[in-house]
Structures are given as structure tokens and as C-alpha cells.
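Architecture and fold: a report
Each chain, letter by letter, is given below.
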Amino acid sequence: MLRFLVRRTFGALVILLVISAVTFWLFYAIPRDPAMMSCGKNCTPDMLKQVRHNLGIDHPIPVQYWYWLKGIFAGRSYGDFGNCPAPCLGYSFANREPVLGTIMDRLPTTLSLAFGSAVVFLIFGVGAGMIAAVKQGKWQDKVASSASLVASSMQIYFVGYIAMYFLVAKLGILDNPSYTPLTDNPAEWASGLLLPWLVLALIWTANYTRMTRSQMVETLTEDYVRTARAKGLSRRTVFFRFAWRGAMGPIVTIFGIDLATLIGGAIITETVFSLQGVGQLALKSVEQSDLPMVLGVTLLSAGAIVIFNIIVDAIYASIDPRIRLA
């Protein structure tokens with residue numbers, strides 16, 4: 001296990017390095033000068049030159065990338081903007097604030113949105129899929145399959161606005177979506193995010209229902225499941241000890257990727273519900289050609305996917321005894 005984790009961690013670092021380099025190079029394909037944006041309307045040539053120096057963009061591209069990479073481990077000085085201690089992801093071109101601090105301010109909103117919705121769609125999606133598999137061919141199966149087919153064809157930007165119109169504006173059943181820190185007021189935190197959780201869960205539950213059903217139906221026909229039944233084990237034991245564990249492997253794998261994607265920033269969801277999370281930050285940074293912020297959000301998204309892949313692989317063997325880590 002230790003060798004596996006070390007090998008995957010090293011591979012993850014290489015992947016993140018490549019992603020950061022590619023993002024850095026692609027940024028300069030955009031025909032915009034970030035120094036002009038930071039300099040302001042009354043910018044003079046001397047002021048523009050000083051801003052370029054402070055931002056560190058008066059060097060060749062490879063040198064800029066090296067300074068940025070070095071700042072992650074050793075910190076970096078940005079002239080008149082101040083010093084950025086390690087780990088330093090740079091200063092934003094748009095608001096002249098540390099990238100890491102800005103991301104950390106937005107991250108709790110995205111984490112609350114991601115984990116809250118994940119709990120809902122995982123419970124209901126896997127539960128409905130298991131019921132559909134056990135009741136294969138019966139009305140429960142038909143209802144779950146039909147509902148998941150309809151829900152999976154919906155889009156968040158459509159369902160979100162419709163839900164806000166009826167549940168918030170017209171009926172007043174739910175609060176207007178907002179974010180309150182969990183430590184300040186847990187009740188307001190939950191009520192403000194309940195509608196985004198439900199909308200996200202509606203879309204994602206459909207996928208997990210269909211996936212769980214197909215995996216369970218396939219697993220219930222496996223030889224080891226039939227052998228367990230032939231030995232006289234109870235239906236509950238066969239279902240949860242053998243069939244359920246065998247079917248959960250692929251579902252856990254997909255769940256790890258989906259959760260990492262949500263943590264990386266649910267751009268559409270945060271835009272629909274006006275939540276100031278990482279997704280909104282990423283969209284705004286791209287619009288403003290804010291390279292340090294784009295790099296920071298990109299590394300967060302890629303890092304979340306890589307880390308969750310490692311975690312999923314590590315626990316895969318404990319879920320399915322047929323799998324062993326080499």
C-alpha cells in the first residue's frame with residue numbers, strides 16, 4: 001500500500017506540473033495585456049512599466065513560469081505589491097490580492113455546496129438504484145427507471161431557475177439561496193443551500209440510480225453470488241455482503257470523480273444561484289485574463305480530481321475483495 005501511495009503521489013505531482021505549464025502557456029495566446037488592466041485608466045508608460053515589473057510579467061515566458069513555480073515553495077516578492085509567503089500562487093492581476101487567500105475565502109462555499117449535494121444524491125441515487133435492482137421488472141423498477149431517465153435529461157440552469165421561481169418567489173417554501181458560514185449559524189447555512197442541494201441532487205441522483213441498478217443487476221448474476229445463495233445464506237446477507245460490495249466499486253470510482261469536479265467549482269450552479277464560490281471565481285478570472293487566479297483555480301480543480309482518484313483507488317480493494325493493489 002505504501003509503495004502504491006508513493007508512486008501515485010509522485011505521478012500526481014507530475015500531472016499537476018504539466019497542467020500548470022500548459023495553462024501558463026495557453027494564457028499568453030490571449031491577446032490581452034494584464035498590466036493595462038491593473039494600471040487603470042490614467043496609466044502612463046512609466047506606470048505601465050512599473051506595473052509589469054511588479055506583476056513579474058516583464059520577463060520571458062519560461063522565466064515567468066519558473067518564478068511562479070519557485071514562489072510555491074519559497075515565496076516571492078512583488079515589488080510595490082508586497083511579499084507573498086510560501087505557498088505563494090501569485091497576486092491577482094485584477095484585484096492585487098493573494099491568489100491563495102482569495103481561493104480560500106471562496107472555498108467554503110463550494111465545499112458546502114459539493115458535500116451537501118453529494119450526500120443527498122448519493123443516498124437517494126444509490127438507494128433508488130438498489131430498490132430497482134431488487135424489484136427488477138416490477139412497478140418500483142419502472143418508476144425509478146422512468147424518473148431517472150427524465151431527470152437525467154434536465155439541465156441545472158433550467159431546473160434551477162424554475163425551482164427558484166416557484167419555491168422561493170411564488171410559494172416562499174424555501175429561502176433565497178445564500179451562504180452563511182457553518183460555524184456562524186448552522187440552521188441558516190443549511191436553509192440557504194437547501195435549494196441548490198436539491199436541484200443538484202435531482203440531476204445527479206438520476207445518473208446514480210441508473211448506474212447502481214445496472215451494476216446491481218449484473219452483480220446479482222455473478223457466480224459467487226449464486227454460490228452464496230446455494231449455500232443457504234439469507235437474502236439480506238447475500239445482498240449486502242456479496243452483491244452490494246461487488247457493485248459499489250465502479251460507483252465509488254465515479255463518485256470520487258464527480259465530487260472532485262464539484263469541489264473544483266460548479267460554475268453553472270453557482271452562477272444560477274448567485275453563490276460566490278470557486279466556480280464563479282474561475283469564470284470571472286477567465287473573463288479578466290487574470291493568469292494567477294486562473295492557474296490557482298485550475299490547480300485546485302486538477303488537484304481535487306487527482307487526490308480523490310488516489311483515495312478511491314486506495315479504498316477500492318476494501319470494497320471489492322477481488323481487487324488487490326499491486
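Computed from a prediction, not measured in an experiment: that's the story for all the values here.

1. As for the overall build of the protein chain
Secondary structure summary: the protein chain contains 13 helices and two strands in total. Principal-axis analysis of the C-alpha atoms gives the protein chain an extent of 85 × 55 × 35 Å. Residues classed as buried in the protein chain amount to 44% of the 326 residues present. Of the contacts made within the protein chain by residues no fewer than 6 positions apart, 67% connect residues no fewer than 24 positions apart. Counting only carbon and sulfur atoms, one obtains 66% of the accessible surface of the protein chain, whose full area is about 17400 Å². Positive and negative charge centroids in the protein chain, built from 27 and 19 side chains respectively, lie 12 Å apart.

2. Some details on the state of the cysteines
In the structure shown here, the tally under the stated rule is one disulfide. Note that Cys84 is cross-linked by a disulfide to Cys88, the S-S spacing being 2.2 Å. Given an S-S torsion of about 115 degrees, the disulfide between Cys84 and Cys88 has right-handed geometry.

3. Looking at the side chain of Thr212
With respect to the secondary-structure elements, Thr212 resides in helix α8 (residues 186-219). A relative accessible area of 0% places Thr212 in the buried class. Setting aside anything within four residues of it in sequence, one finds Thr212 in contact with Gly125, Val126, Gly129, Met130, Met248 and Ile251.

4. Regarding the side chain of Thr269
By the secondary structure assignment, Thr269 is in helix α11 (residues 267-272). Beyond its immediate chain neighbours, meaning those up to four positions away, Thr269 contacts Leu113, Ile156 and Leu200.

5. So, the packing of helix α7 (residues 156-170) against α8
At a minimum axis separation of 10 Å, α7 and α8 run at an interaxial angle of 140 degrees. As judged from the angle between their axes, α7 and α8 are oblique. The handedness of the crossing between α7 and α8 comes out as right-handed. Residues Ile156, Val159, Gly160, Ala163, Met164, Leu167 and Val168 of α7 pack against Leu195, Val199, Leu200, Leu202, Ile203 and Trp204 of α8. Its residues assigned to classes, the contact of α7 with α8 comprises twelve nonpolar, one polar and no charged.

6. Details of unusual backbone geometry
Note on backbone geometry: most residues besides glycine have negative phi, and most peptide bonds are trans. At the junction of Ala86 and Pro87, the peptide bond is cis and its omega measures out at -5 degrees in the coordinates. Even without a glycine there, the phi angle at Ser274 is positive, about 55 degrees. By secondary structure assignment, the location of Ser274 is in the loop between α11 and α12 (278-287). You can call Ser274 exposed: its relative accessible area is 52%.

7. Overview of the nonpolar core
Phe121, Leu195 and Trp204 are the most contacted members of the largest nonpolar core, which totals 49 residues. Going through the elements one at a time, α5 (99-134), α7, α8, α9 (223-230), α10 (235-265) and α13 (291-319) are the ones with two or more residues in this core. Residue contacts for Phe121: discarding those within four places in its chain leaves Val126, Ala201, Trp204, Thr205, Tyr208, Phe255 and Leu262. In this structure, Val51, Ile57, Tyr65 and Val278 belong to the second largest nonpolar core, which totals 22 residues.

8. Focus: the confidence of the model for the protein chain
Of all residues in the protein chain, 91% have pLDDT values of 70 or greater, and the mean over the chain is 82. For the protein chain, the element scoring lowest by mean pLDDT is helix α2 (residues 34-39), at 66; α5 scores highest, at 89.

9. Notes on a positive patch on the surface
Side chains of Lys135, Lys138, Arg229 and Arg235 sit close together on the surface and give a patch of like positive charge. Looking at the secondary structure, you find Lys135 in the loop between α5 and α6 (139-152).

10. Side note on the packing of helix α1 (residues 2-27) against helix α4 (residues 61-74)
Direction vectors running N to C along α1 and α4 enclose 135 degrees, while the axes themselves pass 11 Å from each other. Between α1 and α4, the interaxial angle falls into the category oblique. Every pair of crossing elements has a handedness; the one defined by α1 and α4 is right-handed. From α1, Leu17, Ser20, Ala21, Phe24 and Trp25 reach across to α4, where they touch Ile61, Pro62, Gln64, Tyr65, Trp68 and Leu69.

11. Here we look at α4
Taking 1.5 Å as the rise per residue, α4 with 14 residues should run 20 Å; its terminal C-alpha atoms sit 20 Å apart, in good agreement. Taken together, the buried positions of α4 are occupied by Gln64, Tyr65, Trp68, Leu69 and Gly71. Down the axis of α4, the smallest arc covering the buried residues is 150 degrees, so these residues share one side. Opposite its buried face, α4 presents the exposed residues Phe73 and Ala74, each directed more than 90 degrees away. Remark: Gly75 follows α4 within two positions and exhibits a positive phi of approximately 80 degrees.

12. A few points about the pattern of salt bridges
Throughout the structure, instances matching the rule amount to two salt bridges. In this structure, Arg226 engages Asp223 in a salt bridge whose closest nitrogen and oxygen atoms are separated by 2.4 Å. In this pair, Arg226 and Asp223 are both assigned in helix α9, three residues apart and thus about one turn of the helix distant. In this structure Arg226 comes out as partly exposed when scored by relative accessible area, which is 43%.

What counts, and where the lines are drawn
Numbers given to residues run from 1 along each chain, matching the order in which its sequence is written. Totals for whole chains, interfaces and linings use all residues, but because this is a predicted model, local features are given only for residues with pLDDT of at least 70 and pairs of side-chain atoms are given and counted only at 80 or more. Excluding hydrogens and water, the side-chain values take into account all heavy atoms of the structure. Where helices and strands are cited, they refer to DSSP runs of H or I of at least four residues and of E of at least two residues respectively, numbered from the N terminus. Here's how the labels work: a residue is buried when its accessible area is under 20% of the maximum for its type, exposed when over 50%, partly exposed in between, all with a 1.4 Å probe on protein chains only. What makes two residues a contact is simply this: any of their non-hydrogen atoms within 4.5 Å. Only the protein chains shown count as cover for residues, and the accessible areas themselves come from Shrake-Rupley with a 1.4 Å probe. Only four residue types enter the charge count: Lys and Arg as positive, Asp and Glu as negative, with His and the chain ends excluded. Throughout, a charge is located at the NZ atom of Lys, the CZ atom of Arg, the CG atom of Asp or the CD atom of Glu. Cysteine sulfur atoms that come within 2.5 Å of each other are treated as a disulfide pair. Here an axis means a line fitted to C-alpha atoms, over the contact stretch when the element is a helix, while the angle between two N-to-C directions is reported on a 0 to 180 degree scale. When an angle is under 35 degrees it counts as roughly parallel; over 145 it counts as roughly antiparallel; between 65 and 115 it counts as roughly perpendicular; any other value is oblique. Left-handed describes a crossing whose near helix is turned anticlockwise from the far helix by less than a right angle; the clockwise case is right-handed. Amino acid classes used here: Ala, Val, Leu, Ile, Met, Phe, Trp, Tyr, Cys and Pro are nonpolar; Asp, Glu, Lys and Arg are charged; the rest, including Gly, are polar. Nonpolar cores are built from buried Ala, Val, Leu, Ile, Met, Phe, Trp, Tyr and Cys residues. Side-chain atoms within 4.5 Å join them into one set. One confidence number per residue, pLDDT, is output by the predictor and ranges from 0 to 100. Note on patches: the residues involved have over 30% relative accessible area and no salt bridge, like charges join within 9 Å, and the nonpolar side chains Val, Leu, Ile, Met, Phe, Trp and Tyr join within 5 Å. We define a salt bridge as a contact between a side-chain nitrogen of Lys or Arg and a carboxyl oxygen of Asp or Glu at a distance within 4 Å. Helices are assigned an expected span. That span is 1.5 Å times one less than the residue count. Arc definition: it is the arc formed by the directions from the helix axis to the C-beta atoms.

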